[in-house]
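Examining the three-dimensional arrangement
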Amino acid sequence: MGLLSNPKSREKLTSAVSKHSNTLSCLCYFGGFIWFLALANINMNAGTYISENALLPGLVQPEFNLQSDASRFLNEATNAATNSRNLMPVLWLKEKFTELGLDVYSQNFTLHHPIDKVQHVHGENVYAILRTSRAASNEAVVLSLPYQRSSLPGVALALALAKSFRSKYT
């Protein structure tokens, strides 16, 4: 039997960890701190590169001027949500991303509920990638948001932001 599957071994392990929890916590904290400091060494960080140009400070606008686009996207999203039989208007969202000139992809998923073994949730994730002609193709802007009928303003704002970002790269 394994260490955790044997009830007597599990009790011994639990009592030992409980008895020395403060010491173990301090050791883990200092071990993590030392590991974090070691990441500054070139031999320890596997050549990980963090781009200082990732935020592209030259493209910052102090104001958001796409309120009319966001309002239009919200009206369209509301109409698509009421006409959609699915939880999410997937076709409409793919169409909007394509109109903005983004590469559109989707991913089907099934969630098996951990408590209620009978309940399964099926869905589809929709995502788009903004590729630039001026920069390396391994850099991207990621906007992520959940879809619920109450989050339609967020979907509309994300589409307006995607349109704004797209206009910067053409």
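Read on for a plain summary of the structure.

1. Section: the layout of surface pockets
By volume, the largest pocket is sized at about 810 Å³. Where the lining of the largest pocket is concerned, the elements lending two or more residues are helix H4 (90–99), strand S2 (120–129) and helix H5 (152–168). The dominant element in the lining of the largest pocket, judged by the number of residues it contributes, is S2, at nine residues. Tallied by class, residues from the lining of the largest pocket come to 24 nonpolar, five polar and two charged.

2. Observations concerning the pattern of salt bridges
All told, the structure shown has six salt bridges when counted by the stated rule. Here Glu76 and Arg72 are joined by a salt bridge, their closest N and O atoms 3.2 Å apart. One end of the pair, Glu76, and the other, Arg72, are both in helix H3 (residues 67–83), four residues apart, so they sit about a helical turn from each other. In this structure, Lys96 engages Glu99 in a salt bridge whose closest nitrogen and oxygen atoms are separated by 3.1 Å. Residue Lys96 and its partner Glu99 are both found in helix H4; the two are separated by three residues, about one turn of the helix. A relative accessible area of 53% places Glu99 in the exposed class.

3. Things to note about the nonpolar core
Counting 21 residues, the largest nonpolar core has Trp92, Leu93, Phe97, Leu102, Val126 and Leu159 as its most contacted members. Mapped onto this core, the elements with two or more residues apiece are H3, H4 and H5. In terms of residue count, H5 provides more of this core than any other element does, six residues in total. Setting aside anything within four residues of it in sequence, one finds Leu159 in contact with Phe73, Trp92, Leu93, Lys96, Phe97 and Leu100.

Calculation rules
Residues numbered from 1 in each chain as written. Predicted model: local features only at pLDDT ≥ 70, side-chain atom pairs only at ≥ 80, totals over all residues. Heavy atoms only, no water. 1 Å grid on protein atoms, 1.4 Å probe; cavity = no way out; pocket = protein on both sides within 12 Å on 5 of 7 lines; lining within 4 Å. Points joined across faces, edges and corners; volume = space filled by probe spheres on them. Helix = DSSP H or I, 4+ residues; strand = E, 2+ residues; numbered from the N terminus. Nonpolar A, V, L, I, M, F, W, Y, C, P; charged D, E, K, R; others polar. Salt bridge = Lys/Arg side-chain N within 4 Å of Asp/Glu carboxyl O. Buried < 20%, exposed > 50% of the residue type's maximum accessible area, 1.4 Å probe, protein only. Core = buried A, V, L, I, M, F, W, Y, C linked by side-chain atoms within 4.5 Å. Contact = heavy atoms within 4.5 Å.

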